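Structural overview
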Amino acid sequence: MPHEMYLLSELQELIIVNNTLSGTLPETFGENSTSMLSLVLPGNELVGTIPDDYLSNSPLEVVILDDNQLEGSVPTGLGNATSLALLDLSDNNLDGVIPDDIADYESLVELDLSNSGLEGEIPDGDYS
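Attention in this report is confined to the structure presented alongside it. (Residues numbered from 1 in each chain as written. Predicted model: local features only at pLDDT ≥ 70, side-chain atom pairs only at ≥ 80, totals over all residues. Heavy atoms only, no water.)

Side note on the environment of Asp 52
Put simply, the test is: Put simply, DSSP marks the helices as runs of H or I at least four residues long and the strands as runs of E at least two long, and each gets a number from the N terminus on. Note on exposure labels: buried denotes an accessible area under 20% of the residue type's maximum, exposed denotes more than 50%, and partly exposed covers the range between, all computed with a 1.4 Å probe on protein chains only.
Mapped onto the elements of the fold, Asp 52 is located in the loop between β4 (45-48) and β5 (62-64). Here Asp 52 falls in the partly exposed class, since its relative accessible area comes to 36%. Sequence-wise, Asp 52 and Glu 27 are 25 residues apart; in three dimensions their C-alpha atoms are separated by 8.3 Å.

Concerning a negative patch on the surface
Formally: Excluding any residue in a salt bridge, patches collect residues exceeding 30% relative accessible area, merging like charges within 9 Å and nonpolar Val, Leu, Ile, Met, Phe, Trp and Tyr side chains within 5 Å. Reported accessibility uses the Shrake-Rupley method at a 1.4 Å probe radius. Residues are deemed covered only where the shown protein chains occlude them. Whenever a carboxyl oxygen of Asp or Glu lies within 4 Å of a side-chain nitrogen of Lys or Arg, that contact is scored as a salt bridge. Charge assignment in this entry is limited to Lys and Arg as positive and Asp and Glu as negative, and neither His nor the chain termini are counted. Taken as the charge centre is NZ of Lys, CZ of Arg, CG of Asp or CD of Glu, depending on the residue.
Where like charges cluster on the molecular surface, the negative patch consists of Asp 100, Asp 101, Asp 104 and Glu 106. Residue placement: Asp 104 occurs in the loop between β8 (93-94) and β9 (110-112).

Here we look at the sheet that holds β5
The cut-off we apply is this: Strands pair, by our definition, only if DSSP identifies at least two bridges between them. Comment: axis = line fitted to C-alpha atoms, over the contacting stretch for helices; angle = value between 0 and 180 degrees taken between N-to-C directions.
Read from one edge to the other, the open sheet built from five strands follows the order β1-β3-β5-β7-β9, with strand pairing classed as parallel. Each edge of the sheet is formed by a strand with only one pairing partner; in this case those strands are β1 (13-15) and β9. Averaged over all pairs of adjacent strands, the angle between strand axes in this sheet comes to 10°, irrespective of strand direction.

Side note on the pairing of strand β6 (residues 69-72)
Here β6 shows one buried face, formed by Leu 70 and Gly 72, and one open face, formed by Gln 69 and Glu 71. Relative to β6, β4 runs parallel, the two sharing two bridges. Its bridge partner being in β6, Gly 48 is matched across the sheet by Leu 70. Looking at chain direction, β6 and β8 are connected through two bridges and run parallel. Within β8, the residue paired with Glu 71 across the bridge is Asn 93.

None of the figures reported here should be taken as evidence of function without further support.
Have a look at this one:
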């Protein structure tokens, strides 16, 4: 993925669906975009891990990264994602366990971790 794309500090939505977008998610994404509200990249060929900055202290409300080849665990920064309403990491190659405190995130209303490779159960929460 071209790293220069993330120098667009005023970009609010990035939506690239079912393309052959490949590579890793840049580590600096969270630092360079203070206005990004939606990151929607399903059905691509993305690999690597999801950087913690994507979900910690960012204004992101929607993160849809399903149907890629992402690895690793759910980012530890999820606890600081105060605006996150929708998180879809389904159909990836993640590992580890589903965080127990994921149900505590008051803004999260939709969560899909199906076929993600994560172990455990989604804790009770108010998801639609």
